[in-house]
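Notes for the structure review
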Amino acid sequence: TSCSSMFSGCDALDQNIQIPNSVTSCISMFERCVSLNQNILIPNSVTRTDGMFAGYDSAGCENLNQNILIPNSVIYANRMFDSCVNLNQNIYVYSENIGTNCPDMFNNCGLLADKYIHIRSSIPLDTSNKFYNCLVNGRTGIDWTGRVINDLEEPTVWPPL
C-alpha cells in the first residue's frame, strides 16, 4: 500500500507511471526526480502525498509541468511540490480533507504566481474552511488570495472526465 520514496532521486525518470488503486501513501515517491515531466494520476486511494514531487535539501521535480489533479482521498500534502520550479499549470484539488495539512505545499514554485487553484464547490471561499485558510493565510509558499476558484464538483469517476 506504500510507494513512499519508490523513485526518490531517479534523475533520469521521465516515464508514464501508473500508481495502483491499492496505494495509500506516496510520501516522497518522486522526490528529486529532476527529469520527470509526465502526467501522474494520483488514485483516489492515496491519503498521503507529503513531499511527493519535492526536493527538500536539493532540487525537486524541476521539469514537472503537468496538470495536477489531487483526489478527495488526500489528507496530507505537506511540501508536495516543494522546489518544482517549472510547475506552471492550474492546480485542481478535489480533496476537502487536506485542512491545515498543507504547509509549504508550493514552496519555491514561483511560476504559479499567476495561476489558479480550483477547489470543490462545497468549500466556502472564506477562512471558515481550513483548506481555504491554509491556501490563503497558511504557509503554502504561494499567495493564493483572489486566485482560488470553487468550481469543482464531486467526481463520479476518477479521474474526472
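Structure report, in brief. (Residues numbered from 1 in each chain as written. Predicted model: local features only at pLDDT ≥ 70, side-chain atom pairs only at ≥ 80, totals over all residues. Heavy atoms only, no water.)

1. With respect to the pattern of salt bridges
Inspection of every chain in the model, using the stated rule, returns five salt bridges. Between Arg48 and Asp50 there is a salt bridge whose closest N-O contact spans 3.0 Å. Across the pair Arg79 and Asp82 runs a salt bridge, and its minimum N-O distance is 2.1 Å. Residue class for Asp82 comes out buried when judged on its relative accessible area of 1%. (Salt bridge = Lys/Arg side-chain N within 4 Å of Asp/Glu carboxyl O. Buried < 20%, exposed > 50% of the residue type's maximum accessible area, 1.4 Å probe, protein only.)

2. Things to note about the packing of aromatic side chains
Counting across every chain of the model gives six aromatic pairs. Ring centres of Phe30 and Phe53 lie 5.6 Å apart, and the angle between their planes is 5 degrees; this geometry places the pair in the stacked category. Pair noted here: Phe30 is in the loop between strand S1 (17–18) and strand S2 (40–41) and Phe53 is in the loop between S2 and strand S3 (68–70), with a separation of 23 residues, a long-range link. By relative accessible area, Phe30 is classed as buried at 0%. On the basis of relative accessibility, which here comes to 1%, the residue Phe53 falls in the buried class. A centroid spacing of 5.2 Å and a plane angle of 85 degrees characterise the contact between Tyr94 and Trp158, whose relative ring orientation is edge-to-face. You can see Tyr94 sitting in the loop between strand S4 (91–93) and strand S5 (117–120) and its partner Trp158 sitting in the segment after strand S6 (148–152), a full 64 residues away along the chain. One aromatic cluster in this structure is built from Phe7, Phe30, Phe53, Phe81, Phe106 and Trp144. (Phe/Tyr/Trp six-rings, centres within 6.5 Å; stacked < 30°, edge-to-face > 60°. Helix = DSSP H or I, 4+ residues; strand = E, 2+ residues; numbered from the N terminus.)

3. Things to note about the side chain of Asp82
With respect to the secondary-structure elements, Asp82 resides in the loop between S3 and S4. At 3.4 Å, the side chain of Asp82 forms a polar contact with the side chain of Asn108. Sequence-distant contacts of Asp82, that is, excluding residues within four places in its chain, are made with Phe53, Ala54, Gly55, Tyr56, Gly60, Asp104, Met105, Asn107 and Asn108. (Polar contact = N/O pair within 3.5 Å; in protein donor to acceptor, adjacent residues only side chain to side chain. Contact = heavy atoms within 4.5 Å.)

4. Overview of the pairing of S6
Relative to S6, S5 is paired through four bridges, and the arrangement is parallel. Paired with Arg120 across the two strands is Leu152, which belongs to S6. Tracing the backbone out of S5, into helix H1 (residues 130–137) and back to the parallel element S6 gives a crossover that is right-handed. (Pairing = 2+ DSSP bridges. Right-handed = clockwise from strand over helix to strand, strands pointing away.)

5. With respect to the state of the cysteines
Applying the stated criterion to the full structure yields one disulfide. Bridging Cys102 to Cys134, the disulfide has an S-S length of 2.1 Å. Residue Cys102 is found in the loop between S4 and S5, and its partner Cys134 is found in helix H1; the two are separated by 32 residues along the sequence. Across this residue pair, the class does not change: Cys102 and Cys134 are buried. No disulfide involves Cys33; its sulfur sits 5.0 Å from that of Cys10, the nearest cysteine. Relative accessible area serves as the criterion here: at 0%, Cys33 is assigned to the buried category. In this model Cys84 remains outside any disulfide bridge; the closest cysteine sulfur is found in Cys61, 5.0 Å from its own. Overall, Cys84 belongs to the buried group, its relative accessible area being 0%. (Disulfide = S-S within 2.5 Å.)

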